[in-house]
Structure formats: C-alpha cells, structure tokens
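# Structure assessment
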Amino acid sequence: MRMILVGPPGAGKGTQAARLVELFNIPHISSGDMFRAEVKAGTELGKELDRHMKSGGLVPDEVTIPIVLKRITSPDCANGFMLDGFPRTRPQAEALDHAMTKAGVALDAVVLIEVPDQLLEERAVLRRSDPETGKIYHLKYNPPPADIAARLVHRADDTVEAVTKRKDKYHAETAPIIPFYMEKGILKRVDGVGDPDAITERIKAVLSD
Ligand code: ADP
Ligand code: ADP
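Nothing here was measured: the structure is a model prediction, and the numbers come from that model.

### Describing the overall build of the protein
A tally of regular secondary structure across the protein gives nine helices and seven strands. Taken over the C-alpha atoms alone, the protein extends approximately 45 × 40 × 35 Å along its principal axes. When each of the 209 residues of the protein is scored for burial, the buried share is 44%. The contacts in the protein between residues at least 6 apart in sequence include a share of 69% that link residues at least 24 apart.

In structure tokens form, the structure reads like this:
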C-alpha cells in the first residue's frame, strides 16, 4: 500500500496515520515529524527549518523534496508507505509522481481528510504530544493521563497566529494538489468530523472500495 494523507492543519492526519500504519504494516512518514526531529537535533538545516515552521510558513520545495524523496527510497519503504503532510504543493506532487514513475511504482490512494476551517484552530491550539511515545493528545477531546502531563510538548506553531497562517497556506498552496489526484482517479474524500474511531472506519471503507 502506497498512500498519502492530505488535510488541513489539525485535520487528524497524524492521529489516523498512527492507527492505519499498524493495520497495513507500513512506515508512517510525516514530513512535519522529520523536520521537527531535525530542529530538535539543532543542526544548521534544523535552524533553517525552524525559521519557516515557527511562523506557520511552508518549508521551501527545494529543501523539502529531496528530504522526503530520499526517505521513501529507503529499504523499509519497498512494500509501501504512508505519507503524512507531503506533498503539500503542486511542485511536490509532481516531484513525487516523477520519482515514483522512475522507480516503476504507483500510488494506490490519496485520502483527503475534510474538516471545516472553524474546527481547526481549537484542534491545533489544544494539541499536545508526548515526546517519549510520540502519541498525540488533545486537552479537550483526547486528554492525556495526569502522570505524563508535565512532559507533554506544545508545538511552537500551534498558536492562533501560526494556525491561521497555516490554514491560509493550505487553501492557497496545498488544495491545488487535489484536482491533480482527482484526475488520476485515486482521490478518496473522508469526513474528518466525529469520533476518531469512526473516521478510521471511514478511511478503511474508502480504501477497500
Ligand atoms: P500539521 O500536521 O498540523 O498539518 P505538520 O506537522 O504536517 O503540520 O507540518 C508542520 C509544519 O512543517 C508546516 O506548517 C510546514 O512549515 C512544515 N512542513 C511539513 N511538511 C511540509 C511540506 N511537505 N512542505 C513544506 N513544509 C512542510
Ligand atoms: P494533523 O496531523 O492533521 O495536524 P492531528 O492528528 O495531530 O492532526 O490532530 C490535531 C489535534 O486534534 C490533536 O490534538 C488530536 O488529538 C485532535 N484530534 C484528532 N482527531 C480528532 C477528532 N476526530 N476529533 C477531535 N479531535 C481530534
């Protein structure tokens, strides 16, 4: 299974990816997680990524594309992968297409998780993650256990200002990849509002269509 999860910031891509990769036994490749790991490592590249991410802007294509293409050509992706957060621009979608054609493989599905704009701010601002397990919590909808509360991380770009900018970027730069995948006949739309378990079932259903 070679698939992509697309959706606005806070749509639930990471939450759903964690459930689906267990089911399909494929690596979860989140460009955001890869970039945050680089920022945490304090490298020169990490410093550059941090500047773009903190403000809610996108990391430029010329930086993003080689990092992700390298990752999906590693041996653990030979039987498939779940991309989360890539591609996010039309040039990224075209670069992925080109690389996959060259490798003689094809995408099976692009799942678009649809959530109305007015729900996204609350989802992102109250998001917390556990650096030890990588688990994603929400202070209102998926509260963390009290004993790990002190170690939870609040992302630097999960502020009202940065989320507003990220939503705008999504509509301006990411939404144009949707017709690209519609034309290929592999776009699957899923309603991302409701209980996360119900959404997982919706995704499984569209994937088996
Ligand atoms: P979310 O899950 O809320 O959509 P991500 O973790 O996917 O956020 O991404 C966080 C930030 O990392 C983005 O706002 C952007 O700055 C950067 N980023 C992640 N993936 C990409 C990408 N494919 N292209 C450009 N920037 C990216
Ligand atoms: P994305 O990767 O698309 O940015 P996340 O999976 O990190 O989104 O989810 C964003 C926030 O919303 C997290 O705090 C998560 O716990 C919460 N969340 C995820 N799915 C749902 C849902 N179906 N209903 C309510 N909150 C959700």
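### What to know about the pattern of salt bridges
In the structure shown here, the tally under the stated rule is 19 salt bridges. Here Asp 33 and Arg 36 are joined by a salt bridge, their closest N and O atoms 2.8 Å apart. Taken as a pair, Asp 33 and Arg 36 lie in helix 2 (residues 31-41) at a separation of three residues, close to a single helical turn. When its relative accessible area of 41% is taken as the criterion, Asp 33 is described as partly exposed. Put simply, Asp 157 and Arg 155 hold a salt bridge, and the shortest N to O gap is 3.0 Å. Judged on exposure class, the residue Asp 157 and its partner Arg 155 are both buried. Taken together, the shared-partner salt bridges in this structure form one network comprising Arg 127, Arg 155, Asp 157, Asp 158 and Arg 166.

### Some points on the pairing of strand 4 (residues 109-114)
For a regular strand, the rule is simple: side chains alternate between the two faces of the sheet. Counting buried positions over the six residues of strand 4 gives five, a clear majority of the element. Bridge count for strand 1 (residues 2-6) against strand 4 is four bridges, and the pairing is parallel. Of the residues in strand 4, the one forming a bridge with Ile 4 is Val 110.

### Quick word on the packing of helix 6 (residues 117-125) against helix 7 (residues 160-174)
Two numbers describe how helix 6 lies on helix 7: the axes approach to 10 Å, and their chain directions differ by 135°. Classified by the interaxial angle, the pair formed by helix 6 and helix 7 is oblique. The handedness of the crossing between helix 6 and helix 7 is right-handed. Across the interface between the two elements, Asp 117, Leu 120, Glu 121, Ala 124 and Val 125 from helix 6 touch Val 160, Val 163, Lys 167 and His 171 from helix 7. Residues that form the contact of helix 6 with helix 7 fall into these classes: five nonpolar, one polar and three charged.

### Side note on the site of ligand 1
Not every one of the 20 residues close to ligand 1 is listed here, only the nearest: Ser 31, Gly 57, Gly 85, Gln 92 and Arg 166. At 3.2 Å from an oxygen atom of ligand 1 is found a side-chain nitrogen or oxygen belonging to Arg 155. Taking Arg 166, its side chain carries an N or O atom lying 2.5 Å from an oxygen atom of ligand 1. Within the complex, 97% of the 560 Å² of free accessible area of ligand 1 lies under protein. Considering each element in turn, the shell around ligand 1 owes the most residues, four residues, to helix 2. In terms of residue class, the shell around ligand 1 is built from six nonpolar, seven polar and seven charged.

### What to know about the nonpolar core
Within the largest apolar cluster, 25 residues are counted, with the highest numbers of intra-cluster contacts made by Ile 4, Leu 83, Leu 96, Leu 107, Val 110 and Tyr 181. Contributions of two or more residues to this core are made by strand 1, helix 4 (61-72), strand 3 (81-84), helix 5 (90-103), strand 4 and helix 8 (177-184). Other than its neighbours up to four places away in sequence, Leu 107 contacts Arg 2, Met 3, Ile 4, Leu 96, Met 100, Tyr 181 and Ile 186. Counting residues in hydrophobic clusters, the runner-up holds 18 residues, among them Leu 5, Ala 11, Met 82 and Val 190.

### Describing empty space enclosed by the protein
For the structure on display, the rule yields one cavity of 30 Å³ or more. Of the volumes computed, that of the largest cavity is approximately 40 Å³. Around the largest cavity sit Leu 5, Val 6, Gly 7, Lys 13, Gly 85, Pro 87, Arg 88 and Thr 174, which together line it. Residue composition of the lining of the largest cavity, grouped by class: three nonpolar, three polar and two charged.

Criteria and thresholds
Residues numbered from 1 in each chain as written. Chains lettered and ligands numbered in written order. Predicted model: local features only at pLDDT ≥ 70, side-chain atom pairs only at ≥ 80, totals over all residues. Heavy atoms only, no water. Helix = DSSP H or I, 4+ residues; strand = E, 2+ residues; numbered from the N terminus. Buried < 20%, exposed > 50% of the residue type's maximum accessible area, 1.4 Å probe, protein only. Contact = heavy atoms within 4.5 Å. Salt bridge = Lys/Arg side-chain N within 4 Å of Asp/Glu carboxyl O. Pairing = 2+ DSSP bridges. Axes fitted to C-alpha atoms, helices over the stretch in contact; angles between N-to-C directions. Parallel < 35°, antiparallel > 145°, perpendicular 65-115°, else oblique. Left-handed = near helix turned anticlockwise from the far one by under 90°. Nonpolar A, V, L, I, M, F, W, Y, C, P; charged D, E, K, R; others polar. Near = heavy atom within 4 Å. Polar contact = N/O pair within 3.5 Å; in protein donor to acceptor, adjacent residues only side chain to side chain. Areas by Shrake-Rupley, 256 points an atom, 1.4 Å probe, with all protein chains shown as cover. Core = buried A, V, L, I, M, F, W, Y, C linked by side-chain atoms within 4.5 Å. 1 Å grid on protein atoms, 1.4 Å probe; cavity = no way out; pocket = protein on both sides within 12 Å on 5 of 7 lines; lining within 4 Å. Points joined across faces, edges and corners; volume = space filled by probe spheres on them.

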